[in-house]
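# Coordinate inspection notes
Single-letter residue listing:
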Amino acid sequence: MSDPGLPTSPTERAGVARYEPRTLSPRPTAEWRASIVAAATEIGFARTGFAPVTPYAEAGAHFREFLAHARHGAMGYLERYGLRNAPRTLLPEAQTLISVALPYAGGSRLVQLRKRGSALGQSSGEAVIAAYALGPDYHRVVKTKLAELAQACADIVGRAVLARSCVDTAPLLEREAARQAGVGFIGKSTMSIIPGAGSYFLSGELLVDASIEPGTPLPDGCGRCRLCLDACPTGAFVDAYTLDARRCIAYLTIEHRGVIPRELRRPIGARVFGCDVCQDVCPYNAAADKHPASPALAPRPELLGLSLRDLLMLSAAGYRRLVRGSALERATRRMLQRNAAVALGNSRDPGATVVLRAALGSSSDLVRGHVAWALGELPLAGLTAELAECSRALASLARHDPMTWVRDEAEESLAALSKLG
Ligand code: SF4
Ligand code: SF4
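In this text, all values refer to a predicted model and were calculated from it rather than measured experimentally. (Residues numbered from 1 in each chain as written. Chains lettered and ligands numbered in written order. Predicted model: local features only at pLDDT ≥ 70, side-chain atom pairs only at ≥ 80, totals over all residues. Heavy atoms only, no water.)

## Quick notes on the side chain of E377
Using the following cut-off: For helices the rule is a DSSP run of H or I covering at least 4 residues; for strands it is a run of E covering at least 2, with both sets numbered from the N terminus onward. Residue contacts are counted whenever heavy atoms from the two residues lie within 4.5 Å of one another.
By the element assignment, E377 lies in helix α16 (residues 365–377). Every residue in contact with E377, bar those within four places of it in the chain, is listed here: R266, G345 and R348.

## Here's the deal with the pattern of salt bridges
The condition is simple: We count a salt bridge whenever a side-chain nitrogen from Lys or Arg sits within 4 Å of a carboxyl oxygen from Asp or Glu. A simple rule labels every residue: compare its accessible area, found with a 1.4 Å probe on the protein chains alone, to the largest value its type can have, and call it buried under 20%, exposed over 50%, or partly exposed in between.
This model, assessed by the stated rule, comprises 17 salt bridges. Note that R22 and D155 form a salt bridge whose closest N and O atoms lie 2.6 Å from each other. On the criterion of sequence distance, the pair formed by R22 in the loop between β2 (16–19) and α1 (32–43) and D155 in helix α5 (residues 138–157) is long-range, its members being 133 residues apart. Its relative accessible area of 31% is what places R22 among the partly exposed residues. Salt-bridge contacts for R330 lead to E255; the nearest nitrogen and oxygen are separated by 2.9 Å. Here the residue R330 occupies a position in the loop between α13 (316–323) and α14 (333–347), and E255 occupies one in helix α8 (residues 249–255), the gap between them amounting to 75 residues.

## Brief notes about the packing of aromatic side chains
To keep it simple, the criterion reads: Any two of the Phe, Tyr and Trp rings considered here, Trp counted by its six-membered ring, make a pair once their centres fall within 6.5 Å; the pair's planes then place it as stacked at under 30 degrees, edge-to-face at over 60, or tilted in between.
In the structure shown here, the tally under the stated rule is 4 aromatic pairs. Geometrically, the ring pair formed by Y104 and Y200 is edge-to-face, given 5.9 Å between the ring centres and 65 degrees between the ring planes. Of this pair, Y104 sits in the loop between β4 (96–103) and α4 (107–117) while Y200 sits in the loop between β8 (192–193) and β9 (201–208); the two residues are 96 residues apart in sequence, bridging distant segments of the chain. Exposure remark for Y104: the relative accessible area of 3% places this residue in the buried category. An angle of 65 degrees between the planes, with centres 5.2 Å apart, marks the rings of F185 and Y284 as edge-to-face. Of this pair, F185 sits in strand β7 (residues 185–186) while Y284 sits in the loop between α10 (277–280) and α11 (301–304), placing them 99 residues apart in sequence. Taking the relative accessible area as the measure of exposure, F185 reaches 2% and is therefore buried.

## Digging into the domain arrangement of the protein chain
The condition is simple: Just so you know, the domain bounds were taken from an automatic or database domain assignment. What gets called buried area is simply the loss in accessible area from a 1.4 Å probe that two parts show on being joined, summed for both. Only Asp, Glu, Lys and Arg are considered charged in this grouping, and only Ala, Val, Leu, Ile, Met, Phe, Trp, Tyr, Cys and Pro are considered nonpolar; every other residue, Gly among them, is considered polar.
Structurally, the protein chain comprises domain 1 (9–306) and domain 2 (308–421). Averaged C-alpha coordinates put domain 1 and domain 2 at centres separated by 34 Å. Facing 33 residues of domain 1, the contacting portion of domain 2 comprises 29 residues. When domain 1 packs against domain 2, close to 2,600 Å² is buried across both sides, 56% of that on carbon and sulfur atoms. Applying the counting rule to domain 1 against domain 2 returns 5 salt bridges. Where the side of domain 1 that touches domain 2 is concerned, the elements lending two or more residues are α5, α8, α9 (262–268) and β12 (271–273). Split by residue class, the side of domain 1 that touches domain 2 holds 17 nonpolar, 7 polar and 9 charged.

## With respect to the site of ligand 1
Let me state the cut-off plainly: A molecule or strand has a residue near it when one of that residue's heavy atoms lies within 4 Å.
Taken together, C232, P233, T234, F237, L243, C248, I249, C275, V277 and C278 make up the full set of residues near ligand 1. A class-by-class count of the residues in the shell around ligand 1 yields 9 nonpolar, 1 polar and no charged.

## Description of the environment of S347
Using the following cut-off: Here a polar contact is recorded for every N or O atom pair within 3.5 Å, except that within protein the pair must consist of a potential hydrogen donor and a potential acceptor, and residues adjacent in sequence are included only if both atoms are side-chain atoms.
Of note, S347 is situated in helix α14. Along the primary structure S347 and Q337 are separated by 10 residues, whereas in three dimensions their C-alpha atoms are 15 Å apart. Within the structure, the side chain of S347 is placed 2.6 Å from the backbone oxygen of L344, a separation counted as a polar contact.

## Let's talk about the nonpolar core
Buried together is how nonpolar side chains tend to be arranged in soluble globular proteins. Condition: We define a nonpolar core as any set of buried Ala, Val, Leu, Ile, Met, Phe, Trp, Tyr and Cys residues linked to one another through side-chain atoms lying within 4.5 Å.
Core analysis: the biggest nonpolar cluster contains 131 residues, and L149 and L312 have the highest contact counts within it. At 12 residues, the largest contribution of residues to this core is made by α5. Each of domain 1 (9–306) and domain 2 (308–421) gives at least three residues to this core. If sequence neighbours within four positions are ignored, L312 has contacts with Q337, A340, A341, L344, V355, L356, A359, V367 and V371.

In structure tokens:
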């Protein structure tokens, strides 16, 4: 008997594994569907559905338009992946796509956890990290569970099963797969929304070479609601169902490696990794609390009350400790420091001047430039000593920094501070 969850004989193709049945009493074909759903529930998935593996033509066309308008910004890998609408390009033998959803703590449940995680609750000095990223790296968690599910499939069908698991990074239109599987509809926010359970879920897909009756695609459930579109801090929605990633805080804080456009810095608020606003306002998430979050995705306490000042001054060793085994690994140390600088500027906390001035000495122009901007955002009127110190530091930067854009940032902030004196 092999270990549950581990492929017994991986094939040579990347990501594809062959699972041998561990039992000699397979289920009758008519029971496969219900048995696989029961196994997935046992593993911890809150929803499971079955989708066909024929190309998703309409969703593919929508995705092509997204690329044609360059709304993916610098996420060039999306172009390299091609149309992403044909599951069989990932596993030619696939007969069925099993779509699953693993719940994490979001919304009001997360507010409670945050209050417990920090003495001050959500104070102005704390970094806000998107709910999905607070726990261990979801890719690993969901993939491990999908491997368990693949093994269960082999046991249920009673023969060796070829399977490929996909979690976020595979070239696949995951939300369309979930819709076709009857797991969740695609909301105007472009999120996958599960009726009766909301959107605080991580999706996973398991392609298998077993034929299982597909589910019924879910119809649109948004109706006349447009709360998410109106609540987006950066106006990232071109229209309902259409996101311009280049304006989305999730893109700006996680994927975008360069300078954050000035006009988008204030709306970012204290968010240093991702954004939950369009989910938090969604009426479907009022039901989210009824579904227990997966213990495997439990938030790490140190990420619930992370100090912006500590994040700004993060050392290389501190960065490695912070991101190890976490989705935060996607952002570099300099990006997290850049995001912390923007968030400190938005905190409008005059007490942040000391740490910001110290960070002007960073060897990274990405950090120095955003710190210079943040200093110009602080309400220092009447604080003569702080005003003088910050003005001196900015004037020196404006004269000596080797990067033109950093000098420009320093000049702009200097001008803003000169109006306060
Ligand atoms: S994640 Fe935030 S910034 Fe992005 S679309 Fe949703 S509300 Fe807007
Ligand atoms: S907030 Fe309203 S419009 Fe947006 S996804 Fe939720 S139900 Fe749909």
